[in-house]
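# Summary of structural features
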Amino acid sequence: MSGKTVIEKIFARHTREEVAPGKIVWIDLDVISARDFAGPNVVKNYRNHYKDTPVVDRDRVFFTFDLTVPPKTIQYANNQQICREFAHEQGIRVFDVDRGIGTHTMMEEGIALPGTIVVGTDSHMNILGAVNCFGQGMGDVDIAFGFRKGRTWFEVPRTKLIRVMGKPRVPINGKDLALWILGELKTDRVLGCAVEFVGETVEKLDLPGRITLLSMITEMGGIVGFIPFNNQTMEQILAMNGMGECPAEVRADPDATYDEEIVVDVSGIEAMVAAPPVPHNVCKVSELGDVKVDFGFIGSCTNGRLEDIEAAWKILKGRKIAPGTRLAVVPSTQRVYKAAMDRGMLNDLFDAGAIISNPGCGGCAQGHIGMTGRNEVMLSTGNRNFPGKQGDGFNYLTSPEVVAWSVLTGRLNAKEG
Amino acid sequence: MSLHQFTGRLILLTSAQARLIPDIDTDQIFHNQHLHITEVDQMGRHALGNLEGWTHFPELVQDGDVVVAGANFGSGSSRQHAVDCFRALGVRLIIAESFGAIYKRNAINSGMSIIEFPQAGELVKTGKWEHLNPIHVDLDIGLVKMMDTDETFSIPQLSKVQRDIMAKGSLLNI
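Residues numbered from 1 in each chain as written. Chains lettered and ligands numbered in written order. Predicted model: local features only at pLDDT ≥ 70, side-chain atom pairs only at ≥ 80, totals over all residues. Heavy atoms only, no water.

Within chain A, the secondary structure is distributed over 14 helices and 18 strands. Compactness check: chain A gives a C-alpha radius of gyration of 21 Å against a globular reference of 22 Å for 417 residues, within 12% of the reference. Seen along its three principal axes, the alpha-carbon backbone of chain A occupies a region of about 60 × 50 × 40 Å. Burial statistics for chain A: of 417 residues in total, 64% are counted as buried. Considering only residue pairs separated by 6 or more positions, chain A has 75% of its internal contacts joining residues 24 or more positions apart. Working note: accessible area of chain A is about 14900 Å², and carbon and sulfur atoms make up 49% of it. (Helix = DSSP H or I, 4+ residues; strand = E, 2+ residues; numbered from the N terminus. Rg over C-alpha atoms; globule rule 2.2 N^0.38 Å. Buried < 20%, exposed > 50% of the residue type's maximum accessible area, 1.4 Å probe, protein only. Contact = heavy atoms within 4.5 Å. Areas by Shrake-Rupley, 256 points an atom, 1.4 Å probe, with all protein chains shown as cover.)

It is worth spelling out the nonpolar core at this point. Inside soluble globular proteins, nonpolar side chains tend to come together where they are buried. Ranked by internal contacts, the top residues of the largest apolar core, which has 134 residues, are Phe147(A), Phe197(A), Phe57(B), Phe73(B) and Phe86(B). Sorting elements by how many residues they give to this core places helix α6 (residues 174-185) of chain A first, with 7 residues. Beyond its immediate stretch of four places on either side in the chain, Phe73(B) contacts Leu13(B), Ile24(B), Ile29(B), Phe86(B), Ile94(B), Ala96(B), Ser98(B), Phe99(B), Gly100(B) and Tyr103(B). By size, the runner-up hydrophobic cluster in this structure holds 35 residues, among which are Val291(A), Ala339(A), Val403(A) and Leu408(A). (Core = buried A, V, L, I, M, F, W, Y, C linked by side-chain atoms within 4.5 Å.)

Right, let's get into the interface of chain A and chain B. The interface of chain A with chain B comprises 42 residues on the first partner and 39 residues on the second. Run the count over chain A and chain B and you get 3 salt bridges. One salt bridge connects Asp142(A) with Arg105(B), and the closest N-O pair in it is separated by 2.7 Å. Taken together, the links from chain A to chain B amount to 22 residue pairs in polar contact (both at pLDDT 80 or more). Counting residues per element, the ones that place at least two in the side of chain A that touches chain B are β1 (24-28), α2 (39-50), α3 (74-90), β6 (134-137), α5 (140-149) and β7 (151-155) of chain A. The class makeup of the residues in the side of chain A that touches chain B is 17 nonpolar, 17 polar and 8 charged. (Salt bridge = Lys/Arg side-chain N within 4 Å of Asp/Glu carboxyl O. Polar contact = N/O pair within 3.5 Å; in protein donor to acceptor, adjacent residues only side chain to side chain. Nonpolar A, V, L, I, M, F, W, Y, C, P; charged D, E, K, R; others polar.)

Moving on, we get to the domain arrangement of chain A. Residues and elements named next belong to chain A. Assigned domains within chain A: domain 1 (8-155), domain 2 (159-265) and domain 3 (273-409). Domain 1 and domain 3 are separated by 28 Å when their C-alpha centres are compared. Summed over both sides, the interface of domain 1 with domain 3 buries roughly 1600 Å², with 48% coming from carbon and sulfur. Where domain 1 touches domain 3, the interface holds 3 salt bridges. Across the pair Glu-108 and Arg-305 runs a salt bridge, and its minimum N-O distance is 3.1 Å. For the pair domain 1 and domain 3, the interface holds 13 residue pairs in polar contact (both at pLDDT 80 or more). Broken down by element, the residue count for the side of domain 1 that touches domain 3 peaks at 4 residues, all from helix α4 (residues 102-108). Considering only residue class, the side of domain 1 that touches domain 3 consists of 8 nonpolar, 7 polar and 7 charged. (Domains from an automatic or database assignment. Buried area = accessible area lost by both parts, 1.4 Å probe.)

This part takes up empty space enclosed by the protein. Residue and element names in this part refer to chain A. Under the definition given, this model contains 4 cavities of 30 Å³ or more. Taken as a whole, the largest cavity holds about 320 Å³ of empty space. Forming the walls of the largest cavity are 23 residues, and the residues nearest its centre are Arg-35, Leu-67, Asp-122, Arg-384 and Lys-389. Taken together, the residues of the lining of the largest cavity sort by class into 9 nonpolar, 9 polar and 5 charged. Looking at which domains feed residues into the lining of the largest cavity, each of domain 1 (8-155) and domain 3 (273-409) gives three or more. (1 Å grid on protein atoms, 1.4 Å probe; cavity = no way out; pocket = protein on both sides within 12 Å on 5 of 7 lines; lining within 4 Å. Points joined across faces, edges and corners; volume = space filled by probe spheres on them.)

Below is the structure:
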């Protein structure tokens, strides 16, 4: 019998059925969560089908509010209240509007752990791959079923091995790497597949860099991605979740069978950007010519960690953003917010001209940090630039560094300029 | 007639160049500004409301229609609304060259028929399938028959998990 890939091994721990790519298996879920979008629909489905029967396990089921936080309309306020009332009746937790992005909170709280399976109504649940957890975004029917039964069906995904070759000639960050790889793989090469990345450049990434890259598996059409831990990854996970110890990483067997091996050469990589209208419309910042920038957004599940804010802070500290240009900074979680505040970063960013908001999904969710008007250009550290998603204008995706350099001049720029 | 046999029309989601549009994402299918809606029957009017050239879709579509799209249909967010808005309008089947992974789950779990059919683009390009063509569909044997010409096309059959869930109406009834 041949060896198994990471996802196959994680599945095998959660089912008694034989796990093989393409096969439908019933999987036990460690955590079933819902957020403020879809949460009320989950409750409605639950009440319609299961009445007042208890959820599968009070500790494994909860809500995370991160999209319209605090709610900006009565409808969203009512929707969150529907979730709170359900949570109260059921005795389950709510990570409320003050907490920030659910997936990040789950990593910080030690809920998402290596080898576990966590599902929720967030299509970027797969960022949990950064801590070797299988995170899967789902709709409200799936989640309502999970709330009650604690399990669901999965088609075991095929696994693609991405061998990242070559050394970038200039310093790069996780977003540059994520966009470069997305530009290579587009949306068809790993569609519906699990992904394992190997190679020096990718394995060297710190935890925030891993979160950035693996969050964009969604934009590649993939299910989840994993990167083998380096000798600091576990330390960084423990520092994040404050636990004394964690379950060990699930690693692929040396003789694991991959559906395909794809080589991506990253030696040509430099500061990258995804131009409208789709995330895989990737190019080098240097190739794009003169782009006026009206609005910068630093945050999101892709780039909302302290290290991301710090990268922008280093550039913006002691400077002023260009007149007429706006910048919004949204920490991913309460803990990141506090750390950035304690270290004086928020103060310096404020002085540079930034709008600083409470933690959450910020610019990505039609939430609370503003949209673009017609013909306006937003430069965002988020993960999607589909038409209309963040307003009527144009949305470019890039790293915190490029956003910071660009808002200083009001022009897209990857360096001092 | 069985649940899996019905008559309707082909609604081809094509671009100005008359090709199936790839990568139609959930914000184009059901924009995030309407996500506060929880009643399925109120979702239909927003279907494809953010897809250029297709905002008239809710007026165009009729009960039994089959929506045909390009690759990676339903990529993006996990919102069930992007499936439910089609159910609300009486769409009986979505055929796409491929689907976003979460969209596929959401459709299957709510008992919405979907078929991955990589050849769809070619049939549209060569004019074998035309917009608003009346068709008869038999999902049990995987067949689309053009009502005007009696020409038939094989499409993949539903998977076992699809049939199991459709028989119960929804994953929630399992």
